[in-house]
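# Examining the three-dimensional arrangement
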Amino acid sequence: MLTVSYSALLHLLLPEVMVTVTALLVLAADLLISRTAQPRLRFTTGAVISCIGCMGTIVQILRAPQQANVFDGTLVIGPQTQLIQIALLILTILIVVLSMGSSFTSHVGEYFAVTLFATAGMMLLVSSENVLLIFLSLELLSLSLYVLAALNKRSSHSAEAALKYFLFGGTSAAFLLFGLSLLYGLSNSTNLVQIAHAIKNPPLNPLLAVAIVMIVLGFGFKVAAVPFHFWAPDVYEAAPASSAALISSSAKVAGFVIFYQVMVIGFAGAEGGADWRSSTPGWVPVVAVVAALSMVLGNLVAITQTSVRRLLAYSAIAHGGYILLALVAHTEQSFDALLYYAITYALTLIGAFGVVSIVEQGGGEKLSDFAGLSRRAPVLSACMLVFMLSLGGIPPLAGFFGKFFLFASTLSAGQHRLGLLWLVVLAVAMSTVSLYYYLQVLKRIYIAEPPSEGRRIQVPIVNQIVLCAIALGILLLGCAPNLLLRWL
Amino acid sequence: MSVFPFLSVLTAVPLIGALAILGLGDKRRDRARILALVFSFVALALTLILWHRFDSTSGELQFQELHAWIPSLGAEYHLGIDGLGLVMLLLSALVVPMSIAASSQIRERERLYFSLVLFLQAGLFGTFTALNFFHWFIFWELSLIPAFFLIRLWGGPRSASAATQFFVYTMVGSVALLLAFLALFQCTGTFDFPRLSALAQSGQLVPAIAAHLAWHRFNPEQIALLIFGGTFLGFAVKVPITPFHTWLPLTYAEAPTATTMLLTGAMSKMGVYGFLRIVLPIFFPQIRSVLTPLLWLAVLTIVLSAFAALAQKDLKRIFAYSSINHLGYCMLGVFVAASLTGDAASLTASKTAALDGVILQMFNHGLTASALFWFVALLEARSGGLRGLNDFGGLRRVIPIFTGLMGIALFSSLGLPGLNGFIGEFLIFRGVFPLSTWAASLALIGLLVTAIFILTILQRVFSGPLNERWSNMPDLTVTERLAVSVPIGLMFALGIFPQLVLGIINSTVIRLVQQVRY
Amino acid sequence: MLAWTIYISFLGALVLMLPGVPPRAARGIALLAAIAGFAVTVSGLLRTANGAMATIVHRSWIPSLGIEYHLAADGISLLLVLLTGIVAIAGVLFSWNIDHRSKEFFALYLALIGGVYGVFLSADVFLLFVFYEIAIIPKYFLIAIWGSTRREYAAMKLALYSLVGSAMVLIVLIAAYVIAGAKTMSLLALSQFQFPVHFQMWAFPLMFVGFGILAGLWPFHTWAPTGHVAAPTAASMLLAGVVMKLGAYGCLRVAMTLFPRGLDPWGFTVLGLASWNDVFSLLAVIGIVYGAMVALVQQDFKFVVGYSSVSHMGFVLLGLMTLNRIGLNGAVLQMFSHGVLAALLFAVVGRMVYDRTHTRELAALSKMHLSKAIPFAAVTFVLAAIASIGMPGFSGFVAELQVLIGAWSAFPICVVGAGIGIAISVAYAWRAMQKAFFSDTGLKDTAPLLPPISMPERFGALTLVIASLAVGLYPQWLLNLVIPALNSPLFDGLRKGHW
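Residues numbered from 1 in each chain as written. Chains lettered and ligands numbered in written order. Predicted model: local features only at pLDDT ≥ 70, side-chain atom pairs only at ≥ 80, totals over all residues.

### Here's the deal with the overall build of chain A
Across its full length, chain A holds 21 helices and two strands. Taking 2.2 N^0.38 as the reference for a compact globule, 488 residues should give roughly 23 Å; the C-alpha atoms of chain A span a radius of gyration of 22 Å, in line with that estimate. Along the three orthogonal principal directions, the C-alpha set of chain A runs to about 70 × 50 × 40 Å. The buried share of chain A, taken over its 488 residues, is 61%. A fraction of 78% describes how many contacts in chain A between residues 6 or more apart in sequence connect residues 24 or more apart. (Helix = DSSP H or I, 4+ residues; strand = E, 2+ residues; numbered from the N terminus. Rg over C-alpha atoms; globule rule 2.2 N^0.38 Å. Buried ≥ 20, exposed ≤ 12 C-beta atoms within 10 Å, placed from the backbone. Contact = placed C-beta atoms within 7 Å.)

The structure is reproduced here in structure tokens:
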């Protein structure tokens, strides 16, 4: 459709609008009403309002299933898109609730508002097939995340990390834009489908190759893939816990989804192949190499970490590598696998950061600070057990099924049967290696003796409930993956 | 098939006895020995009843019991005895009470000791009555355990290494035996001794091997020979045959003397029994094909052990080597029974004589050797543990009755006509001479040397100047005299009237010779 | 019905994690759960008319991938489930004295047992793999928290080896799933799918080695002695007794049924070996002999038992590689027999001796006259030792017998090697027994005062000894389960051309 009325457009964009309005409401409430109140009260108020807003948005999305393709692919809404948006909103709700008890900043209203803006950006991001809107939403998301990373003004570490993030991000955004503009130049359109038509003819245009590299670079930065990952460990380590959670969970989900869509839809004719014996030039081999490097580097460096946050960062890089396998496979089934994996991974990371933030308040977040946690905070430790094992891929947790689904769909997709076996073997091997460092965390928690003056950690009841709910959710999704699969 | 499961009951009696002894409370420990004696007498009585009901004219297996056990493995609960089996049962039933009677020196853990003795007896009974390899092997192996502990826990200073050597040697032999029989099972599908022997007789064994065990570099004859080798090894360790005999002297010396009686009286016969029951009927073509080396082994056993006995200073070691020597004659007889020289009639006669002699020798030697060790035990009790050849001297003046009775036993071991030791050896030589003259001639050396060391014992221990230490040595008590007179009496009886035993075994031997005929 | 074995175990583990349960009650609850599981197994056994595969639960689970929640049991599974029940009960009895974090101990123990039950009862390969992996984490914690010598290192080594093994299995699993059309993970369906021969040629050895690592296949066995020695008694009983059988079971149930052509000759020979069949049977025999030889020179009592486990598992693997009926019968029977005997040996060495004497050095033990101090332990160890060297009348004999018969027609040289292994096993068993219990200085000296053997220990030991004796004297009960099981269509591919 080329023309559509404003009201219809508003209707289509209602979810994003609702989120934006909620953001403004939170901002207003904080500035006007509770400016002088206790941080706890401010955080609670902000969280409640945000939650209500997000939940309302979810209801709205559910109530009005749409199928639309507006403005030449600028806005594309379908059942899968809506599912992803609902998932993003749920993730945001969880992060927001978990941050209720924190006090890392005095800009409470801004914090919630920017978080919601980021969410809106993500929601827009996944529902577009037009490179302009994609770039715009990506920037909305990224800028919000830079701000969120820097919100803890009391920590210079945090500021340094945020600055790094901003500089890296800005550079990669520039690269991305350059690549996108090359695409426009080659195809005379900003719509992904039309771009694909235009560039379909082999052999590979060298300009196209440049465009591919640029775009992979841009998105690769977003999802922290090697060799564009250098920001991740510092940001994960120094940003406030909720921001890190947001960056590592929902932003990742959105990032991967859009990465997939751009490459698979936009470069539909130029895939090439990454089969062991018969690789052909295209973007697939590039992504395959990036994936392989991420898996290897992420896992191997994580082994040496002593800080849990940095460990999570490198493991995030590794998991990013696994998810990129879905891109290498680029089939319908592998996209489902990508979604399942990304969503459950995001849940897990939110939970992990939730635990880390509580332990941090009691001391630090080095591995040694986790010693004897099972004696000091049994429920928290049980949740962390679930999260670590799910990340490691131990059944019957969601992480295992996600990996299985991912690897199975990757193998099915090889041009010659089992052409992508080398990637899957590498992935399984690296996944096995990863269990070593996850077990190290669990070893500290369950086996090491608690420090002599360690007393029971007081975990706020809300956090306990949420973390348990997440852990249960991971267990449930692992035992009965169908719950999520049938919606994909 | 008999109605009353005689043989199972017979095997069960010592088992029940052993468990009963173990169950004795702490207060009643001293009753252990009496209880053991009672049960062994019951077993003896049962054996005598068995003898009474045995049909000596038929050479077939009697009192058979056959039940399926593990059908998929061809393992059956198959018992039965012929003349050979009956004689072995009689021997075991005799030797065990003798051993218990001689075990007055056992003062520690009596319950355990006597229950182990009865377990051993059950093992012996089981071995001598089993007709299916699976079943037979269980008893063969299980009898090692009580023997090991008997040697280990009540033995002399080097009992640890003696017992371990004994156990490990025999086990290694058993492993070879097991492997060979498993190969046999793979080819023929049966573990049953009579059936296997029937297969061998009808010449179907080697073709069966050819059909199932195709080992690239060997032809069926060679494979059959290898299998024979495995079984040979298993029994050769037990008999023992040179060069697998090195465990025996140490073991016999270190074991408590009452246990040595059991070892030499009954357990060593298990080896020869194995040759007669298993190896000869099934593998006689293979024996024939390597007859000369085997005969050499038998001759070496006889001669070398005799010379070794001559060099010993410990009475128990002398008798140990003497045991090896006596059983060497048995092996000689067994091997020639598989030979194939001469015309049919004299062949049969010689072989019958040889095998008659073998079985008779087994029984007689069991009796005599046990008696000899009994005397050594009695001597040890009086001398405070000493049993060296040079520790004594002129004892006949101090303990004349003992001297007389032991002298009889010594002469029987020497092979004096009129005593039981003579007949067996005579018959063996009677059979071996025509079939393998050179072997018989060489074996005569053994006889000669045996005479020398026996006479040496008589001279050093009993004659000569009186060793002042023992001038107050008490003679045999009345109980002891009565007890010892039983085997002595038997020695005379069997010496004068060997038909007692020959009558039982003759038909069986004839049948056995028929089996190994071509 | 048999699925309740799994559910009861996990339920028990869950109950034990609840904060309100008093620690003293933990062992009672665990015992109850173990006995309940065993009772369910026995009732299932009594109802089985034959040993053929019988479905217990069959539900669709993830339809889009063709994965089902499918539990089924045939004779082999029943036999192994029975073994698990027996060893589980004995393990709890031998852990009666644990009071350090006892709730967590028994919870982990029950979780491990639940996972093991699950593996034996799964008829969907995905489900089997899930349970297989579930069993790894409790092992890690059991050793790392309650273990002894170098426990953290041993636990990590064990966990990593197991994980590497399961990674190899996972790769083959996914590849096979994809090649078979990505429609089903049912064991039966996959076993009937004709995988391309060249695929089977690399898939089979990879999967066999993957499972074989857990079964102690030489040379991937090094985790086993370290891990078993470091583990607390109940854990070593379970690990050596049951968990190693998981590997062997996986080899038989999955690797050999799915990829039977992988065992065919390659068409060329390397060092006299012409197929994976030859290679693995050679490795099995090397394992038998190597395990025995190393056990012979150990100074630590528990290490003797640890290496003897490697040696005995070699028999299982040899039996599997004979590819004939009798050999496979023997392999399965040996799984049961060694399970019981390994549990018994570790119980004696760990609980009866080490917990009392606080040393495992044979030289130190030989000064303690243990046969007088703890005669029950001495008798039990003697029985266990003679059973494990293959003395007839006990279960080991029947099992090894069948393996050797089977091996005669397949690999004669291997039989000789195995025979040598048996002979060496006599030597090490006897050496350990003598040094530990019947030391040289005779019966004269007085023995140190050690706590007597408690009732739970006696019960546990009695259970295991009776189990071994019963199977040794009348193995037909178990063979009646195994023989029909080998007739099932699962083993069709294996049967063609082999038996």
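### Considerations on helix 14 (residues 315–336) of chain B
Between its terminal C-alpha atoms helix 14 of chain B stretches 32 Å, which fits the 32 Å expected from 22 residues at 1.5 Å a residue. Most of helix 14 of chain B is tucked away: 22 of the 22 residues are buried. (Expected span 1.5 Å × (residues − 1).)

### Notes on the interface of chain C and chain A
Contacts between chain C and chain A engage 25 residues on the former and 25 residues on the latter. Listed by contribution, the elements that provide at least two residues to the side of chain C that touches chain A are helix 5 (125–134), helix 6 (136–146) and helix 7 (151–179) of chain C. Sort the elements by how many residues they give to the side of chain C that touches chain A and helix 7 of chain C lands first, with 14 residues. Grouping the constituent residues of the side of chain C that touches chain A by class yields 22 nonpolar, one polar and two charged. (Nonpolar A, V, L, I, M, F, W, Y, C, P; charged D, E, K, R; others polar.)

### What about the packing of helix 6 (residues 131–150) of chain A against helix 12 (residues 250–266) of chain A?
Residues and elements named next belong to chain A. Between helix 6 and helix 12, the least distance of the axes is 12 Å, while the angle of their chain directions is 160°. Taken together, the axes of helix 6 and helix 12 are roughly antiparallel relative to one another. Remark: the crossing between helix 6 and helix 12 carries left-handed chirality. Taking contact as the criterion, the partners of Ile134, Leu141 and Leu145 in helix 6 are, on helix 12, Ala251, Ala254, Ile258 and Val262. A breakdown of the residues in the contact of helix 6 with helix 12 according to their chemical character gives seven nonpolar, no polar and no charged. (Axes fitted to C-alpha atoms, helices over the stretch in contact; angles between N-to-C directions. Parallel < 35°, antiparallel > 145°, perpendicular 65-115°, else oblique. Left-handed = near helix turned anticlockwise from the far one by under 90°.)

### Overview of unusual backbone geometry
Residue and element names in this part refer to chain B. Look at the link from Val239 to Pro240: it is a cis peptide, with omega at -5°. With respect to the secondary-structure elements, Pro240 resides in the loop between helix 10 (220–238) and helix 11 (247–254). Each neighbour pair has its own omega, and for Thr242 with Pro243 the value is 0°, a cis peptide bond. Looking at the element boundaries, Pro243 is found in the loop between helix 10 and helix 11.

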